[in-house]
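Here is what each chain is made of, one letter per residue.
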Amino acid sequence: MAQWALAMHGGAGPTRKKTYDAEEAHMAELLAQGAAMLAGGAPALDVVQTMVTALEESGLHVAGRGASPNADGIFELDASIMDGPTRKAGAVAALVGLRSPIAAARAVMDKTPHVLLAGAGAAAFARAQGLAEVDDPPAYYTPAATRPAAPGELAHGTVGAVACDREGRLAAATSTGGLLRKTPGRVGDVPLIGAGTWADGRVAVSCTGQGEYFIRANVAADVSARMHYARQSLHAAAAGALADMERLGGDGGLIAVSAEGEATTPYVSEGMKRAIATQGGLREVKTFR
Ligand code: ASP
């Protein structure tokens, strides 16, 4: 039997000018739920989807219900999910009109031979799957980040979960509203497998931060490559991949768990809403150091 582990994030956007008590309280509740699922033998893939769905619905983070509109006032969302044992993955980009982008990503993985569907095609597919729609966007969305981004500022938010289950199976899921007031059609790292999300037999990773830099550094897959080829520990690999992204000029963080049941949540931004639970007894819910 493997050692189970779970980590979650609510984005690397926090600033010390605000407090995050509601976010941390909600995450602590979810963490207990996810830990109980894993302890009871639930598959990592279902646990990460359950966690991300609840984070989307909470409206507390810039994802799902808490997402912010793009520069045209449209809510365009990105999400992805990956299953470590099979390396199957599903993703949606610039999805409009669906309540749960992560449910749409899971359907792409389970019901199509594809990995990524975008825009109108992604929305039509999700509707055809019977997934819940947003009937009245202004009433439904409660943007978690109401602060308008300054010109050129890459203010952002995301949610994610990674897990290792009792069978040693790894999975990762990430969902986002992306950058605040983003250019219509802009797609970040979140739906790009290898950039914002990755899971294989070694590690599961979910990233948050300025997506353009995470794409250019291929951060999520780089964590696994460092563990594989350079034989780095989980902690060294995660910190190294993040440092490479930071050298390009970006900021953000990631959460990762290994097949050995270790967890790490490094970040190089001001804060990152995050939570960890491991079978080894680690419990942590934090936003800053
Ligand atoms: N990485 C996300 C994006 O660029 C934003 C975030 O994580 O805060 O779309």
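In this text, all values refer to a predicted model and were calculated from it rather than measured experimentally. (Residues numbered from 1 in each chain as written. Predicted model: local features only at pLDDT ≥ 70, side-chain atom pairs only at ≥ 80, totals over all residues. Heavy atoms only, no water.)

Caption draft 1: Fine view of the site of the ligand. Around the ligand sit H156, G157, T158, T176, G178, R186, D189, T208, G209 and G211, and that is every residue in its neighbourhood. R186 is positioned such that a nitrogen or oxygen atom in its side chain is 2.7 Å from an oxygen atom of the ligand. The contact in question runs from a nitrogen atom of the ligand to an N or O atom on the side chain of D189, over 2.7 Å. For the ligand, the protein covers 100% of the area, taking 270 Å² as the surface of the free molecule. Placement of the ligand is best described as lying within the largest cavity. Of all elements in the fold, only β5 (156-164), β6 (170-179) and β8 (203-209) reach the threshold of two or more residues within the shell around the ligand. In terms of residue class, the shell around the ligand is made up of no nonpolar, eight polar and two charged. (Near = heavy atom within 4 Å. Polar contact = N/O pair within 3.5 Å; in protein donor to acceptor, adjacent residues only side chain to side chain. Areas by Shrake-Rupley, 256 points an atom, 1.4 Å probe, with all protein chains shown as cover. 1 Å grid on protein atoms, 1.4 Å probe; cavity = no way out; pocket = protein on both sides within 12 Å on 5 of 7 lines; lining within 4 Å. Sits in = over half its atoms within 2 Å of the grid points. Helix = DSSP H or I, 4+ residues; strand = E, 2+ residues; numbered from the N terminus. Nonpolar A, V, L, I, M, F, W, Y, C, P; charged D, E, K, R; others polar.)

Caption draft 2: Expanded view of the packing of aromatic side chains. Applying the stated rule across the entire model yields three aromatic pairs. Here the aromatic rings of F75 and Y141 are separated by 3.9 Å at their centres, their planes lie at 5°, and the arrangement is stacked. Of the two residues, F75 is situated in the loop between α2 (44-58) and β2 (77-83) and Y141 in the loop between α5 (137-140) and β5; the sequence distance between them amounts to 66 residues. Taken individually, F75 and Y141 each receive the classification buried, so the pair is uniform in this respect. Both rings, one in Y140 and one in Y141, keep their centres 5.1 Å apart while their planes meet at 80°; by these two values the pair is edge-to-face. Y140 gets classed as buried once you look at its relative accessible area, which sits at 9%. (Phe/Tyr/Trp six-rings, centres within 6.5 Å; stacked < 30°, edge-to-face > 60°. Buried < 20%, exposed > 50% of the residue type's maximum accessible area, 1.4 Å probe, protein only.)

Caption draft 3: Summary view of the nonpolar core. By size, the foremost hydrophobic cluster in this structure holds 41 residues, and its most contacted members are L6, M8 and I81. No other element matches α2, which puts eight residues into this core. Among residues more than four places away in sequence, those in contact with M8 are M27, L30, L31, M51, L55, G160, A161, I255, K273, R274 and A275. Ranked by size, the runner-up nonpolar core spans 37 residues in total, among them A5, A7, V205 and A217. (Core = buried A, V, L, I, M, F, W, Y, C linked by side-chain atoms within 4.5 Å. Contact = heavy atoms within 4.5 Å.)

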